[in-house]
Amino acid sequence: MNNNQNIPDAELLRECLEGKEWAWKMFHTRFNPAIQAAINLTADAQGVKLAREEREDCKQSLWFSLIKNNYKKLGSYRGINGCTLRSWLWVCAVNETRNYLKERKKHAHSSLEDSSSGENQDNSPLNLSQGRESIEEEIAQNELYAIIIHIIEEHLTTRQRLFAQLYWLDGASFDEIRHIMHLQDQELYLLKHRTQKKIKQILKKHFCPFDD
């Protein structure tokens, strides 16, 4: 196929599940930036600075989870209630990152217990327990991610949607976005401001529908 770059996500997914090598390469190219951005944002939200090797390990764990057992997890995507493939992968990346951070914390505490004499344990720079979320908070945050992605894909103008996807979902820099969208600095910052304002207004209506 000569127009593979324009193939819809759903069709691309079907080709991947059928084992087409070109499709899997394109799938990786198309969604890898969003997955990396989700990993970075999730780690930042929990106050953890992952080294480059750790981010790569986390990302590879996610990709492996999608394809193992003959693409079982990837094949479970159904697109129910308007959930796009990108938003589904985003949530998968968030959950994988949280699991990775929990294992990282567990290993860090285990190493400290093995090596520590019991003195000054509270001063460890690897103490990640601060700000630990409850199960309810984790569920709420997952739902918030999904809502924001839905807003980006369904309620923004074409320009706002492109900016939001590049900046927040794909993790592109301002220089990259400026080149892609052919905008001057002032235009770009104005677009960011208006996009953020619109997302916040819709979120407020979603969570506080009776506020003036």
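One numbering rule holds for all chains: residues counted from 1, following each sequence as written. For a predicted model such as this one, the threshold for reporting local features is a pLDDT of at least 70, and the threshold for listing and counting side-chain atom pairs is 80 or more; totals across whole chains, interfaces and linings nevertheless cover every residue. Each side-chain value is worked out from all heavy atoms of the structure, with water and hydrogens disregarded.

**Q** Give a description of the confidence of the model for the chain that names residues and reports values.
**A** Per-residue confidence from the predictor is given as pLDDT, running between 0 and 100. In the predicted model, the chain carries a mean pLDDT of 77, and 75% of its residues have values of at least 70. Residues are treated as being in contact if the distance between any of their heavy atoms lies within 4.5 Å. Low confidence marks residues 117–133, where pLDDT is under 50. Its contacts with residues over four positions away, or in another chain, come to 15 contacts.

**Q** Describe the packing of aromatic side chains, listing the residues and the values that go with them.
**A** A pair of aromatic rings is counted whenever rings of Phe, Tyr or Trp (Trp by its six-membered ring) have centres within 6.5 Å, and the orientation is called stacked for planes under 30 degrees apart, edge-to-face for over 60 and tilted otherwise. Considering all chains together, one arrives at 10 aromatic pairs under this definition. Ring centres of Trp24 and Trp63 lie 5.5 Å apart, and the angle between their planes is 85 degrees; this geometry places the pair in the edge-to-face category. Residue Trp24 is located in helix H2 (residues 21–45), and its partner Trp63 is located in helix H3 (residues 52–71); the two are separated by 39 residues in the primary sequence. Residue Trp24 shares its accessibility class with Trp63, and that shared class is buried. Feature note: the residues Trp24, Phe27, Phe31, Trp63 and Tyr71 constitute an aromatic cluster, connected by ring pairs. The helix and strand labels rest on DSSP assignments: H or I over at least four residues marks a helix, E over at least two residues marks a strand, and numbering proceeds from the N terminus. Think of it in three bands: residues with accessible area under 20% of the maximum for their type are buried, residues over 50% are exposed, and the middle band is partly exposed, with areas taken using a 1.4 Å probe on protein chains only.

**Q** Could you give me a rundown of the packing of helix H1 (residues 9–17) against H2, with the residues and numbers involved?
**A** In a packed pair of helices, the relevant descriptors are the angle between the two axes and the axis-to-axis distance. The contact between H1 and H2 brings their axes to 8 Å, and the two run at 135 degrees. Considering their axes alone, H1 and H2 lie oblique with respect to each other. Regarding H1 and H2, the two cross each other, and that crossing is left-handed. Touching Asp9, Leu12, Leu13, Glu15 and Cys16 of H1 are Trp22, Ala23, Trp24, Met26, Phe27, Arg30 and Phe31, all from H2. To get an axis, fit a line to the C-alpha atoms, keeping to the stretch in contact for a helix; angles then go from 0 to 180 degrees between the N-to-C directions. Here is the rule for angles: anything less than 35 degrees is roughly parallel, anything more than 145 is roughly antiparallel, 65 through 115 is roughly perpendicular, and the remaining ranges are oblique. By definition, any crossing whose near helix is turned counterclockwise from its far helix by less than a right angle is left-handed, and any crossing with a clockwise turn is right-handed.

**Q** For the pattern of salt bridges, give the residues involved together with the corresponding values.
**A** Put simply, a salt bridge is a Lys or Arg side-chain nitrogen that is within 4 Å of an Asp or Glu carboxyl oxygen. Scanning the model with the defined rule gives 8 salt bridges in all. Notably, a salt bridge pairs Asp9 with Arg30, separated by 2.7 Å at the nearest N-O pair. Of this pair, Asp9 sits in helix H1 while Arg30 sits in helix H2, and the two are 21 residues apart along the sequence. Its relative accessible area of 28% is what places Asp9 among the partly exposed residues. With a shortest N-O distance of 3.0 Å, Arg104 and Glu54 are connected by a salt bridge. Here Arg104, found in helix H4 (residues 85–115), pairs with Glu54, found in helix H3; they are 50 residues apart in sequence, far enough to count as distant. Salt bridges linked by common partners bring Glu15, Glu18 and Lys20 together as one network.

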